[in-house]
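Spelled out, the chains give:
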Amino acid sequence: MVKGLLIICFVAACGLLGSVKAWELKERIVLLEDFQKMILLLKGKMNYLREPITTMIDAEAKKDNSRAFNLLDEAGTALREKNAEMDRIWVQKASEIYKGAYLTEDDMELIIYPGKFLGQTDWENQQARFDFLEKRLQQQIDSARQDYRVKGPLYRKIGFFAGGLVSIIFI
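Keep in mind the model is a prediction, meaning the values are calculated, not measured. (Residues numbered from 1 in each chain as written. Predicted model: local features only at pLDDT ≥ 70, side-chain atom pairs only at ≥ 80, totals over all residues. Heavy atoms only, no water.)

Colleague: Mind showing me how you'd approach the overall build of the chain here?
Modeller: The helix and strand tally for the chain stands at six helices and zero strands. Ordering the α and β elements of the chain from the N terminus gives α-α-α-α-α-α. Burial status across the chain gives 37% buried among its 171 residues. Taking the contacts inside the chain whose residues are at least 6 apart along the sequence as the reference set, 69% of them involve residues at least 24 apart. Taken as a whole, the chain presents about 10000 Å² of accessible surface, with 59% of it coming from carbon and sulfur. (Helix = DSSP H or I, 4+ residues; strand = E, 2+ residues; numbered from the N terminus. Buried < 20%, exposed > 50% of the residue type's maximum accessible area, 1.4 Å probe, protein only. Contact = heavy atoms within 4.5 Å. Areas by Shrake-Rupley, 256 points an atom, 1.4 Å probe, with all protein chains shown as cover.)

And the structure:
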């Protein structure tokens, strides 16, 4: 009886580990889509209103309670309070906010990239860089979706399979 209960618990635990790994893949998609939403909002506001970046950040950062909008809010706050450049502030805040997130190095490079041009170049150059960022971000999102579609079910199945295999060994 105890042995059977231990086997069931072990299979469930391994299956849960596989499910957690699949959830991490899904979380990457959510984080990238959230960042894309923030970038599109910023680009649209800059395109139509052509306001200074600090004014725009104040208005837009409170729209959503997510990592991307928190990054925008904290970068704007730090930009007003400190006498530092946007690229340093953006990198620092992005590293703090996305620490421990399920993102690849390429994903983090894209998240850090806007700090290199926001509020530092002319309008046309910023729009060109936004276009580049949008394309690269869409490629990363597509890649993350493909990974989730292929690897997500695989991780779940491997988790339960490994649990079952080890349980059979213990029998």
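Following the structure, the description resumes.
Colleague: Is there a simple way to think about helix α5 (residues 105–112) in this case?
Modeller: For the α-helix, the turn length of 3.6 residues means that residues three or four positions removed from each other point alike. Among all positions in α5, only Asp107, Met108, Leu110 and Ile111 are buried. Projection of α5 onto a plane perpendicular to its axis shows the buried side chains occupying an angular sector of 160 degrees, all on one side. Of the exposed residues in α5, those oriented more than 90 degrees away from the buried face are Glu105 and Glu109. (Arc of directions from axis to C-beta.)

Colleague: Teacher, can you tell me more about the confidence of the model for the chain here?
Modeller: Segments scoring low in pLDDT should not have their predicted coordinates read at a detailed level. Overall, the prediction assigns the chain a mean pLDDT of 83, with 88% of residues at 70 or greater. Mean pLDDT in the chain bottoms out at helix α2 (residues 53–60), which sits at 62, and peaks at α5, which reaches 91. (pLDDT = per-residue confidence, 0-100.)

Colleague: Looking at this model, I keep getting lost on the packing of aromatic side chains. Mind explaining?
Modeller: The geometry of an aromatic ring pair comes down to the distance between the two centres and the angle between the two planes. All told, the structure shown has two aromatic pairs when counted by the stated rule. Between tryptophan 23 and tyrosine 102, the aromatic rings sit 5.6 Å apart at their centres with planes inclined by 80 degrees, giving edge-to-face as the arrangement. Of the two residues, tryptophan 23 is situated in helix α1 (residues 2–48) and tyrosine 102 in the loop between α4 (86–97) and α5; the sequence distance between them amounts to 79 residues. Since its relative accessible area comes to 34%, tyrosine 102 is described here as partly exposed. When the ring centre of tyrosine 148 is taken as origin, the NZ or CZ atom of lysine 26, which lies over that ring, is 5.5 Å away. (Phe/Tyr/Trp six-rings, centres within 6.5 Å; stacked < 30°, edge-to-face > 60°. Lys NZ or Arg CZ within 6 Å of the ring centre and 35° of its normal.)

Colleague: Would you take a moment to explain the nonpolar core for this structure?
Modeller: It is characteristic of soluble globular proteins that their nonpolar side chains tend to be buried jointly. Counting residues in each nonpolar core, the largest one holds 34 residues, and the members touching the most others are Phe35, Met38, Trp90 and Tyr98. Listed by contribution, the elements that provide at least two residues to this core are α1, α3 (67–81), α4, α5 and α6 (123–170). Those residues within four positions of methionine 38 in sequence are excluded, and the remaining contacts are Ala68, Phe69, Leu72 and Trp90. (Core = buried A, V, L, I, M, F, W, Y, C linked by side-chain atoms within 4.5 Å.)

Colleague: What is the right way to read the pattern of salt bridges from this model?
Modeller: Close approach of charged atoms allows side chains of opposite charge to pair. Evaluation of the coordinates by the stated rule reveals nine salt bridges. For arginine 28, the salt bridge identified is with aspartate 107, shortest N-O distance 2.6 Å. Placement of the pair is arginine 28 in helix α1 and aspartate 107 in helix α5, with a sequence separation of 79 residues. Both residues of the pair, arginine 28 and aspartate 107, belong to the buried class. It is possible to trace a salt-bridge network through shared partners that takes in Arg28, Asp107 and Asp147. (Salt bridge = Lys/Arg side-chain N within 4 Å of Asp/Glu carboxyl O.)

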